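A closer look at the structure
Residue strings, one per chain:
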Amino acid sequence: MTPAQRVTLFALLGVASGAAAALVFELTDPQGVSIYGAPGLVFGVIFAAVLWHRRVLKAVRAVIYALAATLCHAAAVVTALQLVEPFQHLLGGGDKPGLIACGVIAGAVGGGLLAVVTGFLAPIRRGALLAATGALLGALLPIAVDVDALGPFVFYMVWQGGYAAALALSLPRIEKV
């Protein structure tokens, strides 16, 4: 598999995982509690399986990756929720500037934490790329909040697809199993 094919495959799987995560969230949790864990768990399970299948992670490390993705996403959500009101007050101009700032910070927190964990579990080369990707994609947070019921779908599909593509770029050559 060429690097371009791997990036494309990971991005498409990330888009699918983002859609599945948003679907789980939208259909199972009208109170919004699963937003803390469901998107990270779906992403983690899918990519733990991919990384295990591609022999990047052994089975135990794959389980740790799935759990870590869940916890890292929860940390990102908590970060965004804690910062949104102070940033909206500080930056003014309506909701968007505060949401963008919160999304960048929360994306860096979640993406960066998962990059650190991934670095302990697998031989990645570009952990900083994962954190930066998380931050840049986090700037899209207003889409999840401001765009009716499709907002979470669009946000998670783009965020998880982009992060997965960066993950593919961060991994060494993967042999097909």
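So, here is what we can say about the structure in this document. For clarity, every value in this text was computed on a predicted model and none was experimentally measured.

Digging into the overall build of the protein chain
Across its full length, the protein chain carries seven helices and zero strands. Over its C-alpha atoms the protein chain spans a radius of gyration of 16 Å, differing by no more than 12% from the 16 Å that the globule rule assigns to 177 residues. Intrachain contacts of the protein chain at a sequence separation of at least 6 include 72% that bridge at least 24 residues. Here the protein chain displays about 8800 Å² of accessible surface, and carbon together with sulfur accounts for 73% of that area. Side chains of the protein chain give 10 positive and 7 negative charges; the mean places of these two sets differ by 28 Å.

Description of the side chain of H73
Counting through the fold element by element, H73 comes out in helix α3 (residues 59-91). Relative accessible area serves as the criterion here: at 14%, H73 is assigned to the buried category. Ignoring anything within four residues of it in the chain, the contact list for H73 reads I35, Y36, G37, P39, G40 and Y156.

Here's the deal with the packing of helix α2 (residues 38-53) against helix α7 (residues 150-170)
Between two packed helices, the angle of one axis relative to the other and the distance separating the axes together describe the packing. Where α2 contacts α7, the two axes come as close as 12 Å, and the packing angle between them is 30°. For the element pair α2 / α7, the angle class is roughly parallel. The hand of the α2/α7 crossing is right-handed. Along its contact with α2, which presents P39, F43, F47 and L51, the element α7 presents Y156, Q160, Y163, A164 and L167. Among the residues forming the contact of α2 with α7, the class breakdown is eight nonpolar, one polar and no charged.

Notes on the packing of α2 against α3
In contact at an axis separation of 7 Å, α2 and α3 are set at 155° when each is read in the N-to-C sense. By the angle between their axes, α2 is roughly antiparallel relative to α3. Crossing of α2 against α3: the hand is right-handed. The segment α2 lies against α3, with P39, G40, L41, F43, G44, V45, F47, A48, L51 and W52 engaging A59, A62, Y65, A66, A69, T70 and H73. A breakdown of the residues in the contact of α2 with α3 according to their chemical character gives 13 nonpolar, four polar and no charged.

Comments concerning the state of the cysteines
The bond known as a disulfide is covalent and runs between the sulfur atoms of two cysteines. Using the criterion set out here, one finds zero disulfides in the structure. The closest cysteine sulfur to the non-disulfide-bonded C72 is located on C102, 19 Å from its own sulfur. On the accessibility criterion, C72 (7% relative accessible area) is buried.

Quick word on unusual backbone geometry
The backbone of R55 shows a phi angle near 65°, a positive value even though the residue is not glycine. Note on placement: R55 falls in the loop between α2 and α3.

Brief notes about the packing of aromatic side chains
Counted by the stated rule, this structure contains five aromatic pairs. A ring pair is formed by W159 and Y163, whose centres lie 5.0 Å apart and whose planes are at 10°; its orientation type is stacked. Of this pair, W159 and Y163 both sit in helix α7, separated by four residues, roughly a single helical turn. You can call W159 buried: its relative accessible area is 15%. Residue class for Y163 comes out buried when judged on its relative accessible area of 1%. Among the aromatic residues, ring-to-ring pairing joins F10, F43, F47, W159 and Y163 into one connected group.

What counts, and at which threshold
Residues numbered from 1 in each chain as written. Predicted model: local features only at pLDDT ≥ 70, side-chain atom pairs only at ≥ 80, totals over all residues. Heavy atoms only, no water. Helix = DSSP H or I, 4+ residues; strand = E, 2+ residues; numbered from the N terminus. Rg over C-alpha atoms; globule rule 2.2 N^0.38 Å. Contact = heavy atoms within 4.5 Å. Areas by Shrake-Rupley, 256 points an atom, 1.4 Å probe, with all protein chains shown as cover. Lys, Arg positive; Asp, Glu negative; His and termini not counted. Charge placed at Lys NZ, Arg CZ, Asp CG, Glu CD. Buried < 20%, exposed > 50% of the residue type's maximum accessible area, 1.4 Å probe, protein only. Axes fitted to C-alpha atoms, helices over the stretch in contact; angles between N-to-C directions. Parallel < 35°, antiparallel > 145°, perpendicular 65-115°, else oblique. Left-handed = near helix turned anticlockwise from the far one by under 90°. Nonpolar A, V, L, I, M, F, W, Y, C, P; charged D, E, K, R; others polar. Disulfide = S-S within 2.5 Å. Phe/Tyr/Trp six-rings, centres within 6.5 Å; stacked < 30°, edge-to-face > 60°.

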